[in-house]
Amino acid sequence: MAVIHHTTLKPTKLELLTAWLPSRPWYRGTGKPELAKAGGFRLDDPQGEVGIEFMVVTDVSGPRPVAYLVPLAYRGAPLEGAENALVGTMEHGVLGQRWAYDGCHDPVLVARLAALIEGRAQAQDQNVSDIPAQEVVVSRAEEGSLPTGFTVTDDREGTALTTPQGPVLRLHRALQPAADGPFVSPQGATGHVAGSWEAPDGTRAQGAFAVLHGGGR
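Residues numbered from 1 in each chain as written. Predicted model: local features only at pLDDT ≥ 70, side-chain atom pairs only at ≥ 80, totals over all residues. Heavy atoms only, no water.

Engineer: Sorry, what's going on with the side chain of arginine 140 here?
Structural biologist: Residue placement: arginine 140 occurs in strand E7 (residues 137–140). Glutamate 142 provides the closest opposite charge to the buried, unpaired arginine 140, separated from it by 4.9 Å. For arginine 140, the side chain forms a polar contact with the main-chain oxygen of glutamate 142, separated by 3.4 Å. There is a polar contact of 2.5 Å between the side chain of arginine 140 and the backbone oxygen of glycine 144. (Helix = DSSP H or I, 4+ residues; strand = E, 2+ residues; numbered from the N terminus. Buried < 20%, exposed > 50% of the residue type's maximum accessible area, 1.4 Å probe, protein only. Lys, Arg positive; Asp, Glu negative; His and termini not counted. Salt bridge = Lys/Arg side-chain N within 4 Å of Asp/Glu carboxyl O. Polar contact = N/O pair within 3.5 Å; in protein donor to acceptor, adjacent residues only side chain to side chain.)

Right, dumping it as structure tokens:
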């Protein structure tokens, strides 16, 4: 079980993301974002080496607020071969220097996300240790393990994790609130991870974080 330390970070996560987000193809703004933390959840690394957080931030710099999903993997040393996925480094008040990566390019985070969809892992509260995340909903129509060996592709719509066997796990980066009631998987999807976040006006929005197309093995 990961222990959440309430301590200082220099720079802060929001400061790192303010500099990093405009470089992403799925960023909808045209300039420097104005970010606020809006929600998310964590997953545990069984080895206790990698911090895993799915953070939702809202950007109010444009005419309409946009909520972004940012999976982050925190490591105590650089991840070999992942230089292009580095969001930035920060000094943690307890753990020392930490390397923050776009988690879609971190094999530990991707494996734990697959475990969540398979029902072998549980989403954890973002801010409190050893408390399940109550507003995260996981659904899957099939049983069995997901294939491994994901290829990561970023585009205007988000991030696709694709396997040679066919299944595609698409992460929604610019989040779309469900119009009425809880999120429902689109036709043809075989699973999803959905959750909620806080809009700038204080209301709660719900929508898909990730949608799976294709089955297991």
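Further notes follow.
Engineer: Looking at this structure, how should I read helix H2 (residues 107–118)?
Structural biologist: Because the α-helix completes a turn every 3.6 residues, residues three or four places apart line up on one side. Taking 1.5 Å per residue, 12 residues should reach 16 Å; H2 reaches 16 Å between its end C-alpha atoms and fits that length. Extensive coverage of H2 is indicated by the burial of nine of its 12 residues. All of the buried residues in H2 are Leu109, Val110, Arg112, Leu113, Ala114, Ala115, Leu116, Ile117 and Glu118. The N-cap residue of H2 is aspartate 106: its side-chain oxygen and the backbone nitrogen of valine 108 are 2.9 Å apart. Of the residues one or two after H2, glycine 119 is the one with positive phi, at around 90 degrees. (Expected span 1.5 Å × (residues − 1).)

Engineer: Help me out: how do you make sense of the environment of histidine 213 in this one?
Structural biologist: Relative to the elements of secondary structure, histidine 213 occurs in strand E12 (residues 204–213). Relative accessible area serves as the criterion here: at 32%, histidine 213 is assigned to the partly exposed category. Residues within four places of histidine 213 in sequence aside, it is in contact with Gly166, Pro167, Val168, Gly188, Ala189 and Thr190. (Contact = heavy atoms within 4.5 Å.)

Engineer: How should the nonpolar core be read in this particular structure?
Structural biologist: Buried together is how nonpolar side chains tend to be arranged in soluble globular proteins. Membership of the largest hydrophobic core comes to 31 residues, with the highest contact counts inside it found for Phe41, Phe54 and Val193. For this core, the secondary-structure elements that each account for two or more residues are strand E2 (35–43), strand E3 (51–59), strand E4 (66–75), H2, strand E10 (168–172), strand E11 (189–198) and E12. Considering each element in turn, this core owes the most residues, six residues, to H2. Every residue in contact with phenylalanine 41, bar those within four places of it in the chain, is listed here: Ile52, Glu53, Phe54, Leu116, Ala123, Gln124, Gln126, Ala133, Val136, Val193 and Phe209. Grouped together as the second largest cluster of nonpolar side chains are 17 residues, Trp20, Leu72, Met90 and Ala174 included. (Core = buried A, V, L, I, M, F, W, Y, C linked by side-chain atoms within 4.5 Å.)

Engineer: In this structure, what is going on with the sheet that holds E2? I would like to understand it.
Structural biologist: Within a beta sheet, neighbouring strands are joined by backbone hydrogen bonds and run either parallel or antiparallel to one another. Read across the open sheet, the six strands follow the order E1-E5-E6-E4-E3-E2; overall the sheet is antiparallel. On the outer flanks of this sheet lie strand E1 (9–10) and E2, each paired with one strand and no other. Two elements, E3 and E4, share nine bridges in a ladder whose sense is antiparallel. Counted as the bridge partner of phenylalanine 54 is proline 71 from E4. In this fold helix H1 (residues 13–20) packs onto E1, E2, E3, E4, strand E5 (86–92) and strand E6 (96–102), with an angle of close to 160 degrees to the strand it touches most, E5. Sitting on the sheet, H2 is in contact with E2, E3 and E4, with an inclination near 85 degrees to E3. (Pairing = 2+ DSSP bridges. Axes fitted to C-alpha atoms, helices over the stretch in contact; angles between N-to-C directions.)

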